[in-house]
Amino acid sequence: EDPSLERHFKGHKDAITSVDFSLNKKQLASGSMDSCLMIWSMRPQMRAYRFVGHKDAVMCVQFSPSGHLVASGSRDKTVRLWVPSVKGESTVFKAHTATVRSVHFSSDGQSLVTASDDKTVKVWTVHRQKFLFSLSQHINWVRCARFSPDGRLIVSASDDKTVKLWDKTSRECIHSFCEHGGFVNHVDFHPSGTCIAAAGTDNTVKVWDVRMNRLLQHYQGNAVVNSLSFHPSGNYLVTASNDSTLKILDLLEGRLLYTLHGHQGPATCVAFSRAGDLFASGGSDEQVMVWKTNFDAADYGDILKTQKSDTTVDGTHHTLVEMDCGVHLKKTKPQDSGRNHAQQEEETSLANTLEHIMGQLDVLTQTVSILEQRLTLTEDKLKECLENQQKIIQNK
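Every residue gets a number counted from 1 within its own chain, in the order that chain's sequence is written. For a predicted model such as this one, the threshold for reporting local features is a pLDDT of at least 70, and the threshold for listing and counting side-chain atom pairs is 80 or more; totals across whole chains, interfaces and linings nevertheless cover every residue. Only hydrogens and water are removed before side-chain values are computed, so all heavy atoms of the structure are retained for them.

## Remarks on the overall build of the protein
Point 1. Note on conventions: DSSP H or I runs of at least 4 residues are helices, E runs of at least 2 residues are strands, and numbering of each starts at the N terminus. A tally of regular secondary structure across the protein gives four helices and 29 strands.
Point 2. Considering the protein as a whole, with its 396 residues, one finds that 56% of them fall into the buried category.
Point 3. Contacts: residue pairs with any heavy atoms within 4.5 Å of one another. Relative to all contacts within the protein whose residues are 6 or more apart in sequence, the contacts with residues 24 or more apart total 50%.
Point 4. Note that accessible areas follow from Shrake-Rupley with a 1.4 Å probe, and for residues the cover is restricted to the protein chains shown. Of the roughly 17,300 Å² of accessible surface on the protein, a fraction of 51% belongs to carbon and sulfur atoms. Each residue is placed in one exposure class: buried if its accessible area under a 1.4 Å probe, protein chains only, is under 20% of its type's maximum, exposed if it is over 50%, and partly exposed if it falls in between.

Structure follows, in structure tokens:
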């Protein structure tokens, strides 16, 4: 089945800048240029919370891993931590000397990394809201910063056209990826932590291996890419672009799977739920949309097979590096219209089955990342040598 529009949230008075699901998928947070943060309930007939406190546009929002806190960054130069309940209480920390573009919790929920137009990336402790240190080698606005899944690395994307990789302990920049032809709007780690994807104003999405520091995949689009999010399985990537579309990229095949039309005007942000069965998008049309992932259940079966299969390298993976996904347009789906009741029930049971499969998949993907399997040719040669030695010993 193809992705389908599930819910539609209206309430913001200006462009949406950021969306994020809570762990249990019961809530969705959105930030907007209208200076408000909204918490939407995924359960029908439940009212949304509107949190007011920021003095200017809210640029970014994120739930803590536990879901008990929401962090937001704003053009008012502050970061706020909210308790997502009726009261909507928040604490403020004076974070930067300019707009805060990005907030991100470490996976243990203990640290927060923020990125700002003051050209710095800052790291904070969550519970005491204490400033720890700054990373300052970017020479222009920093649009986005993320912790790696294990919390050891930080990646940041900037208008200086670079993506920088930092070691959290030594606080040093380990590598700069400079291949972008424009500003870098968004960057994130693959769930395995072995690679990163970056989106830019040069209409591209690039995927880099952070162990070898080399380009793995390159998708050329027709419009500025504002945001991206990895599916928890690590096999798909969803992007939001200025041409109002959301695109789903199949990372294993290195091609475009779906183009989704829902927003009027630029699609500004997109995020998968923690289980991957839903994703949310926001646009400059002031709308927040929730989509059912609905990727074919067979796809998951195939992925499980691929993960168990032998890790050979036949050179095909290496041709993905410069692949233009535009040629591989498979299914372009317009916005889904209403569905009948039976179909919805069927979809619910399918979603539950998928969720179960996803749970198993997550365990699998953590242990064996698809990208780990794409052994480089050198590693492959080494394997061959060992096998040959083995044969010689046996012959003797």
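## Description of the pattern of salt bridges
Point 1. Whenever Lys or Arg places a side-chain nitrogen within 4 Å of a carboxyl oxygen from Asp or Glu, that contact is recorded as a salt bridge. Evaluation of the coordinates by the stated rule reveals ten salt bridges.
Point 2. One salt bridge in this structure joins K247 and D243, with 3.6 Å as the shortest N-O distance.
Point 3. Overall, the relative accessible area of 13% leaves K247 in the buried class.
Point 4. Residue class for D243 comes out partly exposed when judged on its relative accessible area of 29%.

## Points about the sheet that holds strand β8 (residues 78-82)
Point 1. Pairing within the open sheet is antiparallel, and its four strands lie in the order β6-β7-β8-β9. The open sheet has two free edges, formed respectively by β6 (58-63) and β9 (90-94), since each of these has just one partner strand. Adjacent strand axes in the sheet meet at a mean angle of 20°, parallel and antiparallel pairs treated alike.
Point 2. Note: β8 against β9, five bridges, orientation antiparallel. Its bridge partner lying in β9, L81 is registered against T91. For two strands to be treated as a pair, DSSP must find no fewer than two bridges joining them. For every element, the axis is a line fit to its C-alpha atoms; helices are fit only across the contacting stretch, and the angle between N-to-C directions ranges from 0 to 180 degrees.

## Observations regarding unusual backbone geometry
Point 1. For S35, which is not glycine, the phi dihedral falls at a positive 75°.
Point 2. Structurally, S35 can be placed in the loop between β3 (27-32) and β4 (36-41).
Point 3. Take S35: its relative accessible area is 16%, and that puts it in the buried class.
Point 4. Unlike most non-glycine residues, R171 shows phi in positive territory, near 60°.
Point 5. When you line up the elements, R171 lands in the loop between β16 (163-167) and β17 (172-177).
Point 6. In this structure R171 comes out as partly exposed when scored by relative accessible area, which is 45%.

## Describing the packing of aromatic side chains
Point 1. Here the aromatic set is Phe, Tyr and Trp, taking the six-membered ring for Trp, and pairing holds for ring centres within 6.5 Å; pairs whose planes are under 30 degrees apart are stacked, those over 60 apart are edge-to-face, and all others are tilted. Per the stated rule, a full pass over the model turns up eight aromatic pairs.
Point 2. With 5.3 Å between their ring centres and 15° between their planes, F51 and W82 make a pair best called stacked. Highlighted residues: F51 in strand β5 (residues 49-52) and W82 in strand β8, separated in sequence by 31 residues. Take F51 and W82: they sit in the same class, and that class is buried.

## Some thoughts on the sheet that holds β3
Hydrogen bonds between backbone groups are what pair the strands of a sheet, and the pairing can be parallel or antiparallel.
Point 1. On the basis of which strands lie adjacent, the open sheet formed by four strands has the order β2-β3-β4-β5 and antiparallel pairing. Sheet topology places β2 (16-21) and β5 at the edges, where each strand pairs with a single neighbour. Between one strand axis and the next, the sheet turns by 20° as a mean value, whatever way the strands run.
Point 2. Judged from the five bridges that link them, β3 and β4 form a sheet pairing that is antiparallel. Along β4, the bridge assignment pairs G31 with L37.

## Some details on the environment of S156
Point 1. With respect to the helices and strands, the residue S156 is situated in strand β15 (residues 153-158).
Point 2. Measuring from C-alpha to C-alpha, the distance between S156 and D188 comes to 8.6 Å, with 32 residues separating the pair along the chain.
Point 3. Setting aside its immediate chain neighbours within four residues, S156 contacts V121, H138, V142, C144, A145, T162, V163, K164, W166 and V187.
Point 4. Within the structure, the side chain of S156 is placed 2.7 Å from the side chain of H138, a separation counted as a polar contact.
Point 5. In protein, a polar contact means a hydrogen-donor-capable atom and an acceptor-capable atom, both N or O and within 3.5 Å, with residues adjacent in sequence counting only if both atoms are side-chain atoms; elsewhere, any N or O pair within 3.5 Å suffices. Of note is the side chain of S156, whose polar atom sits 2.8 Å from the side chain of W166.

## Side note on the pairing of strand β20 (residues 204-209)
Two faces, one strand: in a regular strand the side chains alternate between the faces of the sheet.
Point 1. With six of its six residues buried, β20 lies for the most part within the structure.
Point 2. Side chains T204, K206 and W208 project from β20 onto one buried face, and the interleaved V205, V207 and D209 project onto a second face that is buried too.
Point 3. Both strand β19 (residues 195-200) and β20 contribute to a ladder of five bridges, which runs antiparallel. Looking across to β20, one finds that I196 is bridged to W208.
Point 4. The antiparallel pairing of β19 with β20 creates a hairpin that spans three residues between the two strands, and N203 there sits at a positive phi of about 70°.
Point 5. With six bridges joining them, β20 and strand β21 (residues 214-220) adopt antiparallel strand pairing. If you follow V205 over to β21, its bridge partner there is Y219.
Point 6. Between β20 and β21, which pair antiparallel and follow one another directly, the connecting turn spans four residues, one of which, N213, has a positive phi of 55°.

## Brief notes about the UniProt feature "repeat: WD" (unreviewed entry) in the protein
Point 1. Mapped onto the present numbering, the UniProt feature "repeat: WD" (unreviewed entry) falls at residues 9-50, 51-82, 93-134, 135-176, 177-218, 225-259 and 260-292.
Point 2. This span, residues 51-82, is 0% helix and 56% strand, and a straight line between its end C-alpha atoms measures 9 Å. UniProt positions are given in the numbering used here, feature names are shortened, and annotations may be inferred rather than shown by experiment.

## Focus: the nonpolar core
Point 1. Core analysis: the biggest nonpolar cluster contains 16 residues, and L246, I248, L260, F279 and W291 have the highest contact counts within it.
Point 2. Elements with a minimum of two residues in this core: β23 (236-241), β24 (245-250), β25 (255-261), β26 (267-272) and β28 (287-292). Among buried residues, the Ala, Val, Leu, Ile, Met, Phe, Trp, Tyr and Cys ones that are joined through side-chain atoms within 4.5 Å form a nonpolar core.

## Side note on the confidence of the model for the protein
Point 1. A residue's pLDDT is the predictor's confidence in that residue, given on a scale from 0 to 100. With 82% of its residues at a pLDDT of 70 or more, the protein has an overall mean of 84.
Point 2. Counted against residues more than four places away or in other chains, residues 300-339, with its pLDDT under 50, gives 92 contacts.
Point 3. Note that residues 365-371 has pLDDT below 50 and, in this model, 16 contacts with residues that lie over four places away or in other chains.

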